[in-house]
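What the coordinates show
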Amino acid sequence: MPIDPARFGPMANAIRALSMDAVQAANIGHPGMPMGMADVATVLWSDFLKFDPADPHWPDRDRFVLSAGHGSMLIYALLNLTGFARPTMDDIRNFRQLGSPCAGHPENFLLDAVEATTGPLGQGLAMAVGMAIAERHLNALYGDELVDHRTWVVAGDGCLMEGVNHEAIGLAGHLGLGNLIVLWDDNDVTIDGHTDLSTSEDIPARYRATGWHTVACDGHDPDDIRRALDEAVADPRPSLVACKTVIGKGAPNKQGTSAVHGNPLGADEIAAAREYLGWEAPAFEVPEPILSDWRALGAKGAEANRSWQARLAASSHKAEFEAHLSEIGPQAGPVLADHLAALAKDPPKVASRKASEMALGPLTEQLPQLIGGSADLTGSNNTKTSSTKPLTKNDYSGRYLYYGIREFGMSAAMNGMALHGGVVPYGGTFLIFSDYARNAIRLSALQQVRVVYVLTHDSIGLGEDGPTHQPVEQVMSLRLIPNLNVFRPADAIETAECWALALETPKTPSVLALSRQNLPPVRSDAGENRSARGAYRLKAAEAPRKVVLVATGSEVAVALATAAQLEAEGVGADVVSMPCMELFAAQDAAYRSDLLPAGVLKVSIEAGVTQGWERYVGQDGLTIGLDRFGASAPAEVLFKHFGFSAEGIVPKIKAALGS
């Protein structure tokens, strides 16, 4: 039943009061959006959203994504009012302060009920597309009795302007994700002023062109809001609900202007707003009758959860469903054991992108949670296996997504899938195009989600496509992102080991930087996962050790050839393969010092920028790399031309040794 109109206004005003008071206390923040969307949010959380404050991880809850993350006080107020354990009122009093989970933008790792970290505009909506994909996939497997929920998004004008919005809504429309509903805060205001300063497009027409249903409503009329949401729920397409609102609604002298977008209202305007709204309670206090109305919504959600738990208990799919939602990390290594043994018995000379496809064979066969895809480069990324049929509008049970040329949208969608749970996404593109997706990769790391980025054509070794497609700075720049493991394996065995490691870290995303060209095998052992320590001694010096060669990926074979020539001239050389700098940095000092001892010349060899290698070779070491763009030619010609050969490296080492 709809809320009594006499109770609706005070409930919405509780959001407004908490929002303006918290921003004022912090002396920084965005009060305008939560004040403007308070009425829409009250209708949504009262009459449509399925949630249980006592069980924020309930698998069949609706997902609520605040894509306009700058308006974070909207979700903080909603969570507190409906009875979630956090944030407490003290948390809200300390909005944007150190130690409070009420950060400037919502962070999924600080509050259980925050589904996604948002703030970079557009990405919340794009991640919601991934959540909707995950829901439809699991629904196709287990039916409505266990999986039947919606993904709701609150988005602002900025979210709809960002380029990733184009990618995301195109994918959602193509897949017919009718469980996805976007509530557009259509208030005509951005930070710079009125939206007519920067845009004149027909946004609903753009959405309709991509296969969406659109509907508009008065964002301050609860009956009209309810009508629009009912229409959106009934339509089988994804829906955009244009909620015409007044930014900062309730601040009588500033509402409707950019002054309320990103600034505190000020003490005088807050006093005026209290009088305008009839809100007499002191700051950070909600009158008991109003709070009771909000808390009753949480009790209603608890009953829905209990009904679902009963269905799960009675379901013949219970064990399978719970297994599907369980952690897959411990299974990855054992699943690959036979594959690794076969590689060790007969090491192949293959590109690491092909080696990745070979590892994905048993992984996708035995781990149904894996859902793959590619940004229109399936045949080049080698990301599809015989176990992964396409996931389409007509068959959501598939496990392979054709993302189209949407690198950013793909990456954001994978974040959403991982956040939803029940699926482990991986997706491919060329390494050079990781720059298109970089902010989503960063959000993977910040949100602590397991997404595997299969980034192929990892160096000048891709050859004739030339410098536009040849990564030079990308590998090292990705290593700058905290909580991201960047793997660059040297052969098929290392590639399989790195796949196992990528799947064993549920709170850390991974990049697999893979070659286009064939790589000779450098290993014929497969017992211990030697890549797990990030770096290991592949070859020990035969003559007295004077040099340690450290290499990654395709250059490990070059390091071995260089060491062989040095040994032939009486210079002892270790070869260290370093498939993952991040894992090596996590090892204890004794292990790191053993691999890279003092008193010997250390040389890095990687077909990319040299900046960063000083950390391991020291100021007196040698960094063999590529501090310029590449060129168009066959791979073997380029490697020789740019000095990635024993013939090119040995003289530099001998000169450094003074011999």
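First things first, this report covers the structure right here in the doc. (Residues numbered from 1 in each chain as written. Predicted model: local features only at pLDDT ≥ 70, side-chain atom pairs only at ≥ 80, totals over all residues. Heavy atoms only, no water.)

Details of helix H15 (residues 352–366)
Basically, it comes down to this: By definition, any uninterrupted DSSP run of H or I lasting at least four residues is a helix, any uninterrupted run of E lasting at least two residues is a strand, and each is numbered from the N terminus. A helix is expected to reach a length of 1.5 Å times the quantity of its residues less one. Axes are fitted to the seven residues ending at a residue and to the seven starting at it; the angle between these axes is taken as the bend at that residue. Here's how the labels work: a residue is buried when its accessible area is under 20% of the maximum for its type, exposed when over 50%, partly exposed in between, all with a 1.4 Å probe on protein chains only.
A rise of 1.5 Å per residue sets the reference length of H15, with its 15 residues, at 21 Å; its end C-alpha atoms lie 21 Å apart and thus fit the reference within 8%. Bending of H15 peaks at approximately 30 degrees at the position of Leu360, with proline Pro362 no more than four residues after it. Among all positions in H15, only Ser352, Arg353, Ala355, Ser356, Ala359, Leu360, Pro362, Leu363 and Thr364 are buried.

With respect to the nonpolar core
Stated formally: Throughout, nonpolar core names a set of buried Ala, Val, Leu, Ile, Met, Phe, Trp, Tyr and Cys residues whose side chains join them through atoms within 4.5 Å. In this description, contact between two residues means that some pair of their heavy atoms is separated by no more than 4.5 Å.
With 125 residues, the main nonpolar core has Trp45, Phe64, Leu125, Leu183, Val241 and Trp294 as its most contacted residues. Ranked by the residues each element gives to this core, the list is headed by helix H1 (residues 5–26), at 10 residues. Sequence-distant contacts of Phe64, defined by excluding residues within four places in its chain, comprise Leu44, Trp45, Leu49, Ile75, Leu78, Glu115, Trp152 and Val154.

Description of a nonpolar patch on the surface
Note the threshold: Within the patch definition used here, like charges are joined within 9 Å and nonpolar side chains (Val, Leu, Ile, Met, Phe, Trp, Tyr) within 5 Å, considering only residues with over 30% relative accessible area and no salt bridge. All accessible-area figures derive from a Shrake-Rupley calculation using a 1.4 Å probe, and residue coverage is judged against the displayed protein chains alone. By definition, a salt bridge exists where a carboxyl oxygen of Asp or Glu is found within 4 Å of a side-chain nitrogen of Lys or Arg.
On the surface, Phe109, Leu110 and Leu446 cluster together into a nonpolar patch covering about 230 Å² of accessible area. Within the secondary structure, Phe109 is located in the loop between helix H5 (89–93) and helix H6 (123–142).

Quick notes on helix H20 (residues 492–503)
This is how the line gets drawn: We call two N or O atoms a polar contact when they sit within 3.5 Å, provided that within protein one can donate a hydrogen and the other can accept it, with sequence-adjacent residues counted only if both atoms are side-chain atoms.
Spanning 12 residues, H20 covers 17 Å between terminal C-alpha atoms, matching the ideal 16 Å at 1.5 Å per step. Taken across its 12 residues, H20 has 12 buried, putting it largely inside the fold. Taken together, the buried positions of H20 are Ala492, Ile493, Glu494, Thr495, Ala496, Glu497, Cys498, Trp499, Ala500, Leu501, Ala502 and Leu503. N-cap assignment for H20: the residue whose side-chain oxygen lies 3.2 Å from the backbone N of Ile493 is Asp491.

So, the sheet that holds strand S18 (residues 572–577)
For clarity, the threshold we go by: Note on pairing: two strands pair once DSSP finds at least 2 bridges between them. Convention adopted: a line fitted to C-alpha atoms gives each axis, helices being fitted over their contacting stretch, and angles between N-to-C directions are expressed from 0 to 180 degrees.
The mixed open sheet is built from 5 strands, whose spatial order is S16-S18-S17-S19-S20. On the outer flanks of this sheet lie strand S16 (536–539) and strand S20 (622–624), each paired with one strand and no other. Pairwise comparison of adjacent strand axes, ignoring direction, gives a mean angle of 30 degrees for this sheet. Relative to S18, S16 runs antiparallel, the two being bridged by 3 bridges.

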